[in-house]
Amino acid sequence: MSTNEKTRSDDLSKRGDTRSQRPANEAFRAFIAKGWDESVPPAERREVAAFTPARRDALVKALPNTRIVMPAGNFKVRSNDTDYPFRPDTGFAYYSGLGTDEEPDSVFVVEPSAEDPERAEATYFFRPRSGRDTDEFYADSRYGELWVGRRPTLEEVEQQIGVPCRHIDDLRDAIAKDVGGSLNLTVVPNVDQSVQSMVSEIRSQNGLPTGEEEADLHAHTQQTLSEARLVKDQFEIDQMQLAVDLTIRGFEQVVQILPEAKKHHRGERLVETTFARTARADGNGVGYDTIAAAGNHACTLHWIRNNGQVKDGDLILVDAGVEVDSLYTADITRTLPISGTFTPVQRKVYETVLEAADAAFAIAKPGLKFRDLHNEAMKVIAAALEEWGLLPGTAEESLSPEGQFHRRWMVHGTSHHLGMDVHDCAQARREMYLDAELEEGMVFTIEPGLYFMDNDLLVPEEMRGIGVRIEDDILVTADGAVNMSAALARTPDEVEAWMAELL
């Protein structure tokens, strides 16, 4: 551990010491060290451990002759000595198989095998549980078990993820060994600054390029990790279906809370927190900030303040997803009539958005360009807006690159990849994402919308304040695609019947 890293760690673990009243005499230390059950519960191999070796083998082929350092990340301060809940970096979680809040300040290292450079070797470095006879046990609010709960041993984690584990204090020597010459060294950037600085020091000391060339290598590493997740394995698909199923349960509970939400001056908050209860109770939490946007708020694409009223006669747009313990998330949007029934104009807008979604879904299959999903949905949107007299010309003119007038009422894209991040694979190259062909195992959203702000004078008055988005999670199969969230009501009639049953 470098001096800067140790100082930072010590500073974080001692936050609040100015008001500490913890006993420090020898008699107390001896007393608190005694009388504890030291038995270790059995550790079971995790299901994901059967899939991570193949992921790591693919990584060392993509980054040959390179030792890849993947930090989990650190706690982020919320206020003074309180932190946000910890969520490990996605690349770390993908290759290690660790999820939930495992394990701040730890590091996962992958490198080519000395015997076969196309096979990966991995080592996990973290701080294991300390002895009862140490101050850390009772006095360290960052790592002490009396503060943060029981911590695992090296042997436990090794059994769970199938990777050798070492103390974090061994990290520097381990990643410096044999660096230079034929072995390069890189780190996932902007995750843990102390680890990134350590890697830079080691590179410099061993004659590897620094500065811009080093930064380019680290960026390429991050890009490679991102592109590796474009196609999901079976474990990932199963986890995402679980996330979708739990999200549907959360939507059911949202509908059931609507009568109470209508009575509250911030009814959107009741919708948000109702979904959050399901996400936290049944999963790891929400995969992103829930959008609970009633009335005109539905026209604000990322409305997460959620402090508005929920009124009969309005629609409420709910964009939410459960993140399961493995960190895979769903991302589903439904736009619901708060009274339980769409008005004629609301239904007209809703049916147009649904038609656009169905048009994109109908063409989704291997070999199709990812960008074509959006283009197909926009044909429907532009045609409807022409029919309603909102475009300054024809739909064909609007769909041209020189037009795009229809985008006034739908400025976002129709699809994005989905996985451990709600906008998964975001560091992938354009030719691997937007311009790429769909492949079996890809998972993405289809989410067209129409948004007519209440102050938009180009829109008929009866349409103003209506915002509609319909979003489903799509899996590409060998000969087409599957709507993973199809079990949640989609058509206007289905939505009304579903809400009536729940209410």
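Please refer to the structure higher up on the page.
Everything quoted here is computed from the prediction, not taken from an experiment.

1. Quick look at the packing of helix α11 (residues 234–263) against helix α12 (residues 267–282)
- Relative orientation of the contacting elements α11 and α12 amounts to 150°, with a least axis distance of 9 Å. When you trace α11 past α12, the crossing you get is right-handed. Note on element contacts: α12 touches α11 through G267, L270, V271, T274, F275, R277, T278 and D282, opposite L246, T247, R249, G250, F251, Q253, V254, I257, L258, E260 and A261.

2. Looking at the packing of helix α13 (residues 344–363) against helix α14 (residues 370–387)
- Two elements in contact, α13 and α14, have axes whose closest approach is 8 Å; the angle formed by their N-to-C orientations is 150°. Classed by the angle they form, the pair α13 and α14 counts as roughly antiparallel. For the element pair α13 and α14, the recorded crossing hand is right-handed. Of α14, the residues touching α13 (which contributes T352, E355, A356, A359, A360 and I363) are D372, L373, E376, A377, V380, I381 and A384.
- A per-class count over the contact of α13 with α14 returns 9 nonpolar, 1 polar and 3 charged.

3. Topic: the sheet that holds strand β10 (residues 315–320)
- The 3 strands lie next to each other as β9-β10-β12, forming an open sheet whose pairing is antiparallel. Each edge of the open sheet carries a strand with a single partner, namely β9 (291–294) and β12 (332–337). On average, each strand axis in the sheet is inclined to that of its neighbour by 10°, with strand direction left out of account.
- Examined bridge by bridge, β9 and β10 share 4 bridges and lie antiparallel to one another. The residue of β10 that forms the bridge with A293 is L317.
- Its contacts with the sheet put α12 on β9 and β10, and the angle it makes with β9 is roughly 155°.

4. Description of the packing of aromatic side chains
- Under the defined criterion, the tally for this structure stands at 14 aromatic pairs.
- With 5.0 Å between their ring centres and 20° between their planes, Y124 and F126 make a pair best called stacked.
- Among the residues examined, Y124 registers a relative accessible area of 1% and is labelled buried.
- The class of F126 is buried, set by a relative accessible area of 1%.
- The rings of F92, F108, Y124 and F126 are connected pair by pair, giving a single aromatic cluster.
- Sitting over the face of the ring of Y94, R55 holds its NZ or CZ atom 4.3 Å from the ring centroid.

5. Focus: the nonpolar core
- Core analysis: the largest hydrophobic core is formed by 118 residues, its most contacted members being F108, Y124, F444 and F452.
- Among the elements that line this core, the one with the most residues is α11, at 13 residues.
- Ignoring anything within four residues of it in the chain, the contact list for Y124 reads F92, L98, E103, S106, V107, F108, V157, I161, V163, P164, C165 and R166.

6. Quick notes on helix α3 (residues 52–62)
- Taken as a whole, α3 has its buried residues at T52, R55, R56, D57, L59 and V60.
- As for α3, its buried residues are in contact with β1 (66–71), α4 (90–96), β4 (107–112), β5 (120–126), α10 (212–227) and α11.

7. Observations regarding unusual backbone geometry
- E103 follows E102 through a cis peptide bond whose omega is -10°.
- Here E103 is to be found in the loop between α4 and β4.
- One non-glycine residue, N190, lies in positive phi territory at about 65°.
- Among the secondary structure elements, N190 is positioned in the loop between β7 (184–187) and α9 (193–205).

8. A word on the pattern of salt bridges
- Evaluation of the coordinates by the stated rule reveals 37 salt bridges.
- One salt bridge connects R67 with E111, and the closest N-O pair in it is separated by 2.9 Å. Taken together, the positions of R67 in strand β1 and E111 in strand β4 put the pair 44 residues apart, joining distant regions of the chain.
- On the basis of relative accessibility, which here comes to 17%, the residue E111 falls in the buried class.
- Beyond isolated ion pairs, a larger network of salt bridges with shared partners links R87, R229, K232, E323, D421 and D424.

9. Quick notes on the sheet that holds β7
- Taking strand neighbours across the sheet as the criterion, the 5 strands line up as β6-β5-β4-β1-β7 in an open arrangement whose pairing is mixed. Of all the strands in the sheet, just β6 (165–167) and β7 have a single pairing partner and so form its edges. Here the strands of the sheet are splayed against their neighbours by 25° on average, with no regard to which way each runs.
- As paired elements, β4 and β5 share 6 bridges and run antiparallel to each other. Each residue of the ladder has a partner; that of F108, found in β5, is Y124.

Parameters and conventions
Residues numbered from 1 in each chain as written. Predicted model: local features only at pLDDT ≥ 70, side-chain atom pairs only at ≥ 80, totals over all residues. Heavy atoms only, no water. Axes fitted to C-alpha atoms, helices over the stretch in contact; angles between N-to-C directions. Helix = DSSP H or I, 4+ residues; strand = E, 2+ residues; numbered from the N terminus. Left-handed = near helix turned anticlockwise from the far one by under 90°. Contact = heavy atoms within 4.5 Å. Parallel < 35°, antiparallel > 145°, perpendicular 65-115°, else oblique. Nonpolar A, V, L, I, M, F, W, Y, C, P; charged D, E, K, R; others polar. Pairing = 2+ DSSP bridges. Phe/Tyr/Trp six-rings, centres within 6.5 Å; stacked < 30°, edge-to-face > 60°. Buried < 20%, exposed > 50% of the residue type's maximum accessible area, 1.4 Å probe, protein only. Lys NZ or Arg CZ within 6 Å of the ring centre and 35° of its normal. Core = buried A, V, L, I, M, F, W, Y, C linked by side-chain atoms within 4.5 Å. Salt bridge = Lys/Arg side-chain N within 4 Å of Asp/Glu carboxyl O.

Coordinates in, geometry out; function isn't part of it.
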